[in-house]
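Residue-level structure breakdown
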Amino acid sequence: MPCWFYEPEDLLNTPSMKDGMDEGTEARYRREGARFIIEAGTAMKLRYDTMATGVVYFHRFYMFHTFKEFPRYRLTQGSLWSPCDVIIVDWSSLFIFGWKSRRNTKKCKDIIRIAKEILPDHHFAAFGDDPKEEIMTYERILLQTIKFDLQVEHPYSYLLKYAKTFKGDKEKIQKLVQMAWTFVNDSLCTTLCLQWEPHITAVAFLYLAGRLSKSDLLDWSGKSTKNKWWESLSEDVSLDIMEDQQILLGCSRKPLHQIDKSPLTSDAEKSKDEPRAKHSKSEVREAHTTASTPPPSKSKSVTIVHDKKQPVQNQCL
Amino acid sequence: MATYQREVIEFPYCEEVSKYEKIIKIGQGTFGEVFKARHQKTRKIVALKKVLMENEKEGFPITALREIKILQLLRHENVVTLLEICRTKASAYNRYKGSIYLVFEFCEHDLAGLLSNSNVQFSLGEIKEALKQLLNGLYYIHQNKVLHRDMKTANILLTKDGRLKLADFGLARAFSFPKPGQPNRYTNRVVTLWYRPPELLLGERNYTQAIDVWGAGCIMAEMWTRSPIMQGNTEQHQLTLITHLCGSITPEVWQDVDQLELYQSLELPKGQKRKVKDRLKSYVKDQYALDLIDKLLGLDPKTRTSTDEALNHDFFWEDPMPCSLTRMLSQHTQSMYEYLAPRRRIQQNHPPSHPAPPPPRQNAATSKLGLNTASFEKTY
């Protein structure tokens, strides 16, 4: 099986970036692609995990192909479309597949109808003269790219599983899980699913939700046996890892108009100001096993808390 | 389509099938042809299963996607191993859609091929070993919440070193235990007719792992009878055969059977006694074996024995104990597959509509092609 998880430096050296695309633009394409899949999926009344699967395939796909390569052929026809319009073709194929691999078997023509409904005409034109054929061709390309690896797990199921282990006020637990759930939804627009295994993401987002809501729920945590509640959920989670995820989520929560106005600078600046994980994953895990996890830096969490106070748009639920 | 610039698309995870050379066609799966092939460089022998795409209007066949997904999940010595997925070169000629092949570890024989060859003799210990491995494989897939849904001897493979493997997951699906008030609605158009359990024939859609256990029972008996024990040519006929063997289907022996969709509309012979042991005893001399077959072929799926219970049955723990199949199989250097078996045998011993299309299987076609009803009587 291929490894679908990447180091931060791999994500700064994607096929698109090797092809000359800057980090900000790629981040924007990824965000827009993920949103399209979620939007179209919502219109088709797909399950949340089906949409998430489509998004994960989409992110994986662009670890092997460039955003330039795939829509590029359209541009050569002297069309007026911009590259981001054209990648719709990819999104749709990714997503046809995301839904087919679960049991929501809908017809190809349904997806075309919905794409037509939710897309402006000039965007829909990207599907070409024979939209069905186009989608099926892309489906094939996608399948081969992702090695037919159809087993995709998401943090959602872990959230539910872990929530069952919490003791305390039911309503509070529900609120906490709901918040973490929203973070998972939001994280789909980022490359988080290419960086961390879903169970780690789930723990980190529960932790984050607990901090943000100043919830005392997470204090229970089998104090007698282990030091930290998350250690009892999953052995390979450390504070460092969770801080790393917060930063990523922080990035994605940046006001969207800012990012969209200046795609060339915003994300790049962000990474300068707040370097992402300092350790590679393996180092982090090593540090954890030797039980020397550094205490969380206060200032870091505070800035994120501010970020998080902005209304969280819930796109999936 | 403006696909002319797509000629070189790299697929680092999906290599070209041309690295294997095809040797011979060895079968026809649910959704494609199967070939024996050899890796050009390593000389490793594999089985290539081509995904048939010709009639697909909805893109890559969902049956193939299911099979791939399930095989990627399952890793067990008694389940066939999917090694990789390969492709042919995409070009303008095939509209950038080359063929897709599933590459499997190679197994020398299938059980249908072995049983149809009278030179192949299984000792009691060897039969025990084969069945033990079969039930182990079933236990494993059921633990992983997968239903095979096409148990039959042609889908049971054996390697030359005596390892038995469940194969052809083209009809398999993941299942969940039904929640109260929320019955599952699975299709009941599954399982080759001769191995189809009574609950499916009666229209049950909320079925369980027990459907595969019935198939295991049919296969177990076939280890001695050497041909399928109930060769019906319609659903109605199959139910009649089941009744003749397992007794009348009534709410007394099968609680709530009268709630099933087709219970009223199908004709169920009354007053038949259960005579599984009686009718099989001329073939099966071992009392434990007869008892286990009787339990595997329980009419009521709720009380039919489970794979776990079956593995604990005395049959496997009394002398002669299960013994390796290696010695027996090493005498047969020629591969034996149902597909390659002599033509005569195929006509005689195949469900009428074989090769069956993907589900729905063996329905309208069955009655049209109808076998001579006399043929099943010969079985006993």
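Remember, predicted model here, so these are calculated numbers, not experimental data.

1. Concerning a nonpolar patch on the surface
A surface patch of nonpolar side chains, about 320 Å² in accessible area, is lined by Ile23, Ile24, Tyr339 and Leu340 of chain B. Tracing the backbone through its elements, the reader meets Ile24 of chain B in strand β1 (residues 20–28).

2. So, the sheet that holds strand β2 (residues 33–39) of chain B
Residue and element names in this part refer to chain B. An order of β1-β2-β3-β5-β4 is seen for the 5 strands of this open sheet, with the pairing classed as antiparallel. Two strands bound the open sheet, and with one partner strand each, they are β1 and β4 (82–87). Here the average twist between neighbouring strands, direction ignored, is 30 degrees. The pairing of β1 with β2 spans 7 bridges and is antiparallel. For Gln28, the partnering residue across the bridge sits in β2 and is Glu33.

3. Considering the pairing of strand β5 (residues 100–105) of chain B
Residues and elements named next belong to chain B. For β5, the tally of buried residues reaches 6 of 6 residues, placing the bulk of the element in the interior. One ladder, built from 5 bridges, connects strand β3 (residues 45–50) with β5; its direction is antiparallel. The partner of Lys50 across the bridge, within β5, is Tyr101.

4. Overview of the environment of His142 of chain B
All names here are of chain B. Take His142: it is sitting in helix α3 (residues 124–143). Considered as a pair, His142 and Glu126 are 16 residues apart in the sequence and their alpha carbons are 24 Å apart. The residues touching His142, leaving out its near neighbours within four places in the chain, are Phe175, Gln209, Asp212 and Thr307.

5. Points about the environment of Val190 of chain B
Residues and elements named next belong to chain B. The residue Val190 is located in the loop between β10 (173–174) and α4 (198–201) in this model. A residue is classified by how much of its surface remains accessible, and Val190, at 0% relative accessible area, is buried. Sequence separation of Val190 and Ile45 is 145 residues, and the distance between their C-alpha atoms is 31 Å. If we ignore the near neighbours within four places in the chain, the residues touching Val190 are Arg149, Arg196, Leu200 and Tyr207.

Basis of the calculations
- Throughout, a residue's number is its position along its own chain's written sequence, starting from 1.
- Chains carry letters from A onward and ligands carry numbers from 1 onward, assigned in written order.
- Only residues with pLDDT of at least 70 get local features here, since the model is predicted, and only at 80 or more are side-chain atom pairs given and counted; chain-wide, interface and lining totals rely on the full set of residues.
- Just so you know, side-chain values use all the structure's heavy atoms and leave hydrogens and water out.
- To count toward a patch, a residue needs a relative accessible area above 30% and no salt bridge. Like charges then connect within 9 Å, nonpolar side chains (Val, Leu, Ile, Met, Phe, Trp, Tyr) within 5 Å.
- Areas reported as accessible are Shrake-Rupley estimates using a 1.4 Å probe. Residue values count occlusion only from the protein chains shown.
- Any carboxyl oxygen of Asp or Glu within 4 Å of a side-chain nitrogen of Lys or Arg constitutes a salt bridge here.
- Each helix is a run of DSSP H or I of at least 4 residues and each strand a run of E of at least 2, with the numbering of both proceeding from the N terminus.
- Pairing between strands is defined by DSSP: at least two bridges between them are needed.
- Angles shown run from 0 to 180 degrees and are taken between the N-to-C directions of axes, each axis being a line fitted to C-alpha atoms and, for helices, limited to the stretch in contact.
- Each residue gets one of three labels from its accessible area relative to the maximum for its type: buried under 20%, exposed over 50%, partly exposed in between, using a 1.4 Å probe on protein chains only.
- By definition, residues are in contact when any of their heavy atoms lie within 4.5 Å.

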